[in-house]
Structure formats: structure tokens, C-alpha cells
Number of protein chains: 2
Amino acid sequence: MAASTPVTRPRTPGAATGSRPGGRSARVRAAVHRAVEELLAEEVGDALTIPVVAARAGVHATTLYRRWGSVGELLADVATSRFSGDVVVPDTGSLRGDLQRWAADVATDLADPDVLALMRATLGAGGEQGACACRGDREDQLAAMIERERARGGAVPTVERAADALLGPLYYRAIFTGEPGSPEWARGLVDLLLPA
Amino acid sequence: MAASTPVTRPRTPGAATGSRPGGRSARVRAAVHRAVEELLAEEVGDALTIPVVAARAGVHATTLYRRWGSVGELLADVATSRFSGDVVVPDTGSLRGDLQRWAADVATDLADPDVLALMRATLGAGGEQGACACRGDREDQLAAMIERERARGGAVPTVERAADALLGPLYYRAIFTGEPGSPEWARGLVDLLLPA
DNA sequence: GCACGAACGCACAGATCGTTGCGTTAGCTT
DNA sequence: AAGCTAACGCAACGATCTGTGCGTTCGTGC
């Protein structure tokens, strides 16, 4: 490489940095993301390496090294785009209804073995950044629902408390115990959080 | 290799299989465990490989390949011995007191960055087995405390419910958010679980 | 359209990893 | 104290990974 720029890599791959988010780059990115998810679903375990992903995606390994640099960053990128927008904020008219529906959706999402594999791999390789990618914008969604209820004039718990009561059990079950919670169980968590 | 046995590896490394848990094996095991924890604390990330661990431990890489086979199994072994016995079950006379003290201890344990790094790496490389290793025997401890209270004749929550209310938030905070909970916050979780 | 340059493909090389066979060390048994 | 054998050290190999330089393709702006 020249001397000034540390690496040829065009900055963060996720957000278009103003350079060229055009057709081909987007296609490559999509193919790579799909390849990662496919390999994760096949429980390749250790064998999730840059060359393997590249071969599966039909892309040259050099491209992956240049764009992502390591499997850790690649997984963090995949996790970010996988977990953003996977669950929509419902609007049922009441906080209880919103939270119940939302918790059930999250539980359903977390029950997918592929999602679990992605989260575990991202946590392991991505470190702090990967962990945040797995949370996605779920705390923000929680805050949005609570804020809406407060605007309606209702009594609401703090976002922190709601995260403890909902996201805590949901994620703990999914990651640490083999048995993810059912949507019914997730709805029950809401009943424990909100006063009867 | 011969033909019958798939690998020369002497079964599970943790429990002595009756063969020879003698002095040298134990020393090697301890050195390797220490090396893993040291490297984890240095945030080596991807570079936590068998040869690197072997060099740090002053042991030949072949030994690690034969005893553990992969970084995943090695990390699961380290996590198991790290998380078993790290927290003792208190006996304060009341369930509330027991849980408060226990939750505070777990929170303190989870606040250690090295423990976090170990858990994340184990989750990533160890898969299902690694996840169980990170839980340790904490659900059993929870069950023991609850059972003791029930023997005293008190009203007790289910173990499942207690795990949701305590382990869920504790682990979620530690793993997914950068800020692990304080012992005081952990004690507050107990107050939310038990009726006032 | 046309030129510019970012992103990709390709080939090659250095480094590292995973595995095997064999000799040596050192627990364990009697 | 002497033998047995599990466990370790050693050296070498093939496979795989990581990184670089250069030519080519194809979005993007003029």
C-alpha cells in the first residue's frame, strides 16, 4: 500500500460513505450476507472463515478482506442489518398490548436457530461492537412504546426496568438455555412487568 | 492413526476418566487455563488460537490439539472450571437475604471484563455446550435456595420465574450492554421478584 | 456518451494452522 | 525400585489462511 492510508478498505461497509453504494457493491454485499447466514445455518462452527464465505458467495476472498477485514467485523455487519427492522413497533392503543405483541415477536425471532447461531458467533468474534449489533434497536423500540404511552397520560415503567423484565429473560433464555421462550411466555413477562 | 479409535485424545479433559489425573497433566492444564485467561484479558480477539495459547503456556501445541481438539472445547473447559464454584450459596436465614446476597455476588462476578471476554468467546466458539458452561451451576444454586425456603414453610416463586427475574437481567446486561449492573441494582431485582 | 476512479478479480507469496509418526518423560502400580 | 503406559515433546508435512500488486470492470458525475 501507499504510505498514508492505513488500508485500502473503504471505511465502514454498512453505511454508504458517499463514495459508491451502487449496484455491484450492493450485490456483492447481499451475496456475502446470504453466504454467511447459510453457512451459519449449516453449523460449520470453526470453518466460518473469509475464504469459505467468499467461495460460497461467489466472490473473491480479496474483496472480503478489503471490505470487512475480518470475520468479526463481517459478522457484526450481518448482525446489524439482520436485527434492524426485523421487528416492527406495534400500535395497539395500549402499552400492555404493544408490549405483549412486541415481546411475542421478539421471542419468535429469537426462536430461530439461525438467529441464535448468528448471535453467538457475533458475540464471540465481534466483541463489544458485536454485542451491540445483536441488540439492534430494540431498546429504542421499547423506549418509543413507553414514551407513546406516557404521552397518552398513562403510568409507565422506566425503560431500564422494562429492558430488565423483557429483554433480559428473552435474551438469556435464547442464548444460554437451549430452549427459547414461547410467545405465550413472552406475553406473560409483560404481565409481570405492568401492574394488574 | 490406527483404525479403530477416532483420535488419541483421552476423552474429556475436565473429569479424570480414571486414567492418569496426576501431577504433570494437572500442571499443563493449569498453565493452559491461565494462558487462555491472560490472552482473553489482552483482547487478542481472533488471535486466540491453539498455537498462540500453547506458546503462552509453555506447552507444545500438539498437546492442546490432543487434549482439547479445538479452541471451542478448550474455552468450554476453561469456562466450566471458572464458573463452577465462583459464587457460593449464602445462608442468611431468609430467601430474600439469600437471593440478595447471591445476586450481588453474581453481579460483581459479571462485572469483571475478563469474565465477559471469556463468556463471549465461549459462546461464539463453543456453541450449545459453551453456553451451558457459562451458566455454570447457577440455576441449581437458585433452586437450592428456593427449595430451602420452601422447606422452611415460606411462599416461594418457581425456579423458572426466579431465573427470568434475576439471571435474565444479570446476564443480559453483562453480555449485551457494555455496562454490567451494580450489586445494588442486583439486590433491587430481588425486591421486584419477591412480594413486598 | 465519456472519462474518472472506486470496487472487484486474479495470481502469487509468506505466514500460520492442523495433523501425524515417533521418541521421551514421568505418573501410577506392584 | 522396577516396569508399564498415559501423556508430552519434537519435527515435519500438507492445507489453509492472510496480505500485496496489478490489471479489469462498471457505477457515477461531467
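So, a few notes on the structure that sits alongside this text. (Residues numbered from 1 in each chain as written. Chains lettered and ligands numbered in written order. Predicted model: local features only at pLDDT ≥ 70, side-chain atom pairs only at ≥ 80, totals over all residues.)

## Describing helix H1 (residues 23-41) of chain B
Residues and elements named next belong to chain B. An ideal rise of 1.5 Å per residue puts 27 Å on 19 residues; H1 measures up with 27 Å between its terminal C-alpha atoms. Listing the buried residues of H1 in full gives Arg 29, Val 32, Ala 35, Val 36, Leu 39 and Leu 40. What you see down the axis of H1 is that its buried residues fit within an arc of 130°, all on one side. Looking at H1, the residues exposed on the side facing more than 90 degrees away from the buried face are Gly 23, Ala 26, Arg 27 and Ala 30. Lining the buried residues of H1 we find helix H2 (50-57), helix H3 (61-67), helix H4 (71-83) and helix H6 (113-135). Downstream of H1 by a residue or two, Glu 43 has a phi angle that is positive, lying close to 55°. (Helix = DSSP H or I, 4+ residues; strand = E, 2+ residues; numbered from the N terminus. Expected span 1.5 Å × (residues − 1). Buried ≥ 20, exposed ≤ 12 C-beta atoms within 10 Å, placed from the backbone. Arc of directions from axis to C-beta. Contact = placed C-beta atoms within 7 Å.)

## Quick look at the relation of the copies chain B and chain A
If you rotate chain B by 180° and push it 0.0 Å along the axis, it lands on chain A with an RMSD of 0.1 Å. Those values place the two copies in the arrangement expected of a two-fold rotation axis. A share of 100% of interface residues in chain B that are also interface residues in chain A marks the association as one of identical surfaces. (Least-squares fit on C-alpha atoms with pLDDT ≥ 70 in both.)

## Considerations on the interface of chain B and chain A
Contacts between the two partners involve 24 residues from chain B, matched on the other side by 24 residues from chain A. For the side of chain B that touches chain A, the secondary structure elements donating two or more residues are H6 and helix H8 (159-176) of chain B. In terms of residues, the side of chain B that touches chain A owes the most to one element, H6(B), which gives 10 residues. Of the residues that constitute the side of chain B that touches chain A, the class distribution is 12 nonpolar, seven polar and five charged. (Nonpolar A, V, L, I, M, F, W, Y, C, P; charged D, E, K, R; others polar.)

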